[in-house]
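Here is what each chain is made of, one letter per residue.
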Amino acid sequence: MISFDFRNSGVDLEAVADRIPGYLEKIHARNQGFYSAIDEISVEEIEAFAAAADYDDVVVLGIGGSALGAFCLDRVLGSNGPNLWVVDNVDPAFIASIEAKINLERTLFLVISKSGQTIETRAQYSYFKNCVEEAGLNAEDHFVFISGADTGLNPKFVIPENVGGRFSVLTPVGLVPAALMGLDIRALLKGAKTMRDSFLNKSFEENLPFQLAAVQFLAAKPNVVMMPYCQRLSAFVEWWRQLLAESTGKEGKGLTPIEALGVTDQHSQNQLYNEGPNDKFLMMIKVEDLGIDLPTGMDELSFTQLLHTEMEGTVQSFTENGRPNMTIKIERLNEETLGALFMLFEAMTAFLGEFFEINAFDQPGVELSKQITLKLLSQ
Ligand code: PA5
């Protein structure tokens, strides 16, 4: 389903293979639920809720880890039902643009916040609640809360206490929007569970999340470029960017994620990646079956062949220039592979935290800016 090609990474991965048991012990001691909560999800409850819901538009009110997962699910897999809108900003022009596209009578708002305190989400909720009430509608029919248990919001779906925002896509945070879009949440969880088994495996050959963390740590570059050759995965890159940045950026350490897209950025970024500062580890993603292929009309060349050949050319150019790189290969994109990808990167991030000797699961910098903003607002 998912495999790696590390030949151009320039590192000896096996040198750290014996660290797996110790790192797993440390991760377990951190009492994080991202890999166990998937066993406790009430799939039937979420499916029943989605089956009974009859809306044309679903609007996610949330930000950061409470928004990016739903955005990614929509962009990568596409909705089979209502349109999904993710209001992950407080730019009034953006909010107005979404408001203009929805019919309030036929809209469900998902208010998603682990803490229930985030000012952006509270402001979005306050605004749309007024809109709904001014339209003479009953707010109870149009708002559903997904939050921590003790937020006072009376959530319909609870975010487990030990799952942080950016690790929460496989909880109701991502699964409720996914189910409303008609996606197969059982397949998402199946893929995640298969990858979780890999994460808990003490054998280096079997442990994909460990391999992926080790290669980035050993490459010893401060920046990581993720460059999928698949348009749909650009939303996955946005999800990963938060996960990597917010989890590893601590105590003066961390990896800076850089978003890229093949082939588009070959004509925008590749000059820098090939001949600029050699401070990047390049992570390419190849999707073997893109779900459709089209003939270009040039000889026998199809668009998939062109895309994959361009990727090979780019990989070879990076390698010739001594730029460490690797390729993640995915057979095809569906609920199961996306579930596996989410778990792969979450578990990889947990291992990276142990490599860097930091707590990958807190975000004191984010909390500080939230507190300062609230203080400024209260003045
Ligand atoms: O990953 C995180 O913890 C953050 O990005 C949060 O998801 C974000 O700040 C939103 O927080 P909350 O879900 O409490 O509203």
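Going by the structure above, here's the rest.
Residues numbered from 1 in each chain as written. Predicted model: local features only at pLDDT ≥ 70, side-chain atom pairs only at ≥ 80, totals over all residues. Heavy atoms only, no water.

1. Quick notes on the sheet that holds strand E3 (residues 83-87)
(1) Moving on: With respect to topology, five strands assemble into an open sheet ordered E3-E2-E4-E5-E6, the strand pairing being parallel. On the outer flanks of this sheet lie E3 and strand E6 (157-158), each paired with one strand and no other.
(2) Moving on: Where strand E5 (residues 143-147) meets E6, two bridges bridge the pair, whose relative direction is parallel. Residue Ile146 lies in a different strand from E6, and its bridge partner there is Phe157. (Pairing = 2+ DSSP bridges. Helix = DSSP H or I, 4+ residues; strand = E, 2+ residues; numbered from the N terminus.)

2. Observations concerning the nonpolar core
(1) Moving on: In terms of nonpolar packing, the biggest core is built from 101 residues, with Leu73, Leu110, Phe236, Trp239, Ile328, Phe342 and Phe345 touching the most fellow members.
(2) Moving on: When sequence neighbours within four positions are dropped, the list of residues in contact with Ile328 reads Ile2, Ser3, Phe4, Leu212, Met283, Met284, Ile285, Lys286 and Phe345.
(3) Moving on: Within the second largest apolar cluster, 15 residues are counted, among which are Val87, Ile102, Ala139 and Phe145. (Core = buried A, V, L, I, M, F, W, Y, C linked by side-chain atoms within 4.5 Å. Buried < 20%, exposed > 50% of the residue type's maximum accessible area, 1.4 Å probe, protein only. Contact = heavy atoms within 4.5 Å.)

3. Brief notes about the pairing of strand E10 (residues 325-332)
(1) Moving on: Examined bridge by bridge, strand E1 (residues 2-5) and E10 share four bridges and lie antiparallel to one another. Opposite Ile2, over in E10, you have Ile330 as the bridge partner.
(2) Moving on: Judged from the seven bridges that link them, strand E9 (residues 280-289) and E10 form a sheet pairing that is parallel. Within E10, the residue paired with Met283 across the bridge is Met326.
(3) Moving on: At this point the chain moves from E9, through helix H11 (residues 303-320), to the parallel E10, and the crossover so formed is right-handed. (Right-handed = clockwise from strand over helix to strand, strands pointing away.)

4. Let's talk about the state of the cysteines
(1) Moving on: Evaluated as defined, the whole model comprises zero disulfides.
(2) Moving on: Cys72 forms no disulfide, and the closest cysteine sulfur to it belongs to Cys230, at a distance of 11 Å.
(3) Moving on: Judged by its relative accessible area of 0%, Cys72 falls in the buried class.
(4) Moving on: For Cys230, a relative accessible area of 4% puts it in the buried group. (Disulfide = S-S within 2.5 Å.)

5. A few points about the packing of helix H6 (residues 172-180) against helix H7 (residues 185-199)
(1) Moving on: The interhelical angle for the contact between H6 and H7, taken along N-to-C directions, is 140°, at an axis separation of 9 Å. For the element pair H6 / H7, the angle class is oblique. Contact residues: Leu175, Ala178 and Ala179 in H6; Ile185, Leu188 and Leu189 in H7.
(2) Moving on: Considered class by class, the residues forming the contact of H6 with H7 number six nonpolar, no polar and no charged. (Axes fitted to C-alpha atoms, helices over the stretch in contact; angles between N-to-C directions. Parallel < 35°, antiparallel > 145°, perpendicular 65-115°, else oblique. Nonpolar A, V, L, I, M, F, W, Y, C, P; charged D, E, K, R; others polar.)

6. Topic: unusual backbone geometry
(1) Moving on: With an omega of -10°, the peptide bond running from Gly262 to Val263 counts as cis.
(2) Moving on: Along the chain, Val263 falls in the loop between strand E8 (256-259) and helix H10 (270-275).
(3) Moving on: If you check the backbone angles, Ala220 has positive phi at about 55° while not being a glycine.
(4) Moving on: Secondary-structure assignment places Ala220 in the loop between helix H8 (208-219) and strand E7 (223-229).
(5) Moving on: Owing to a relative accessible area of 58%, Ala220 belongs among the exposed residues under this scheme.

7. Observations concerning a negative patch on the surface
(1) Moving on: There is a patch of like negative charges on the surface, built from Asp12, Glu14, Glu205 and Glu206.
(2) Moving on: The topology assignment puts Glu14 in the loop between E1 and helix H1 (20-29). (Patch = residues over 30% accessible without salt bridge, like charges linked within 9 Å, V, L, I, M, F, W, Y side chains within 5 Å. Areas by Shrake-Rupley, 256 points an atom, 1.4 Å probe, with all protein chains shown as cover. Salt bridge = Lys/Arg side-chain N within 4 Å of Asp/Glu carboxyl O. Lys, Arg positive; Asp, Glu negative; His and termini not counted. Charge placed at Lys NZ, Arg CZ, Asp CG, Glu CD.)

8. Here we look at the packing of aromatic side chains
(1) Moving on: Under the definition given, this model contains 26 aromatic pairs.
(2) Moving on: Summarising the aromatic geometry, the rings of Tyr23 and Phe355 are spaced 5.0 Å apart at their centres and angled 85° between planes, so their arrangement reads as edge-to-face. Taken together, the residues span a long stretch of sequence, with Tyr23 in helix H1 and Phe355 in helix H12 (residues 335-356) at a distance of 332 residues. Accessibility classification places Tyr23 together with Phe355 in one group, the buried group. (Phe/Tyr/Trp six-rings, centres within 6.5 Å; stacked < 30°, edge-to-face > 60°.)

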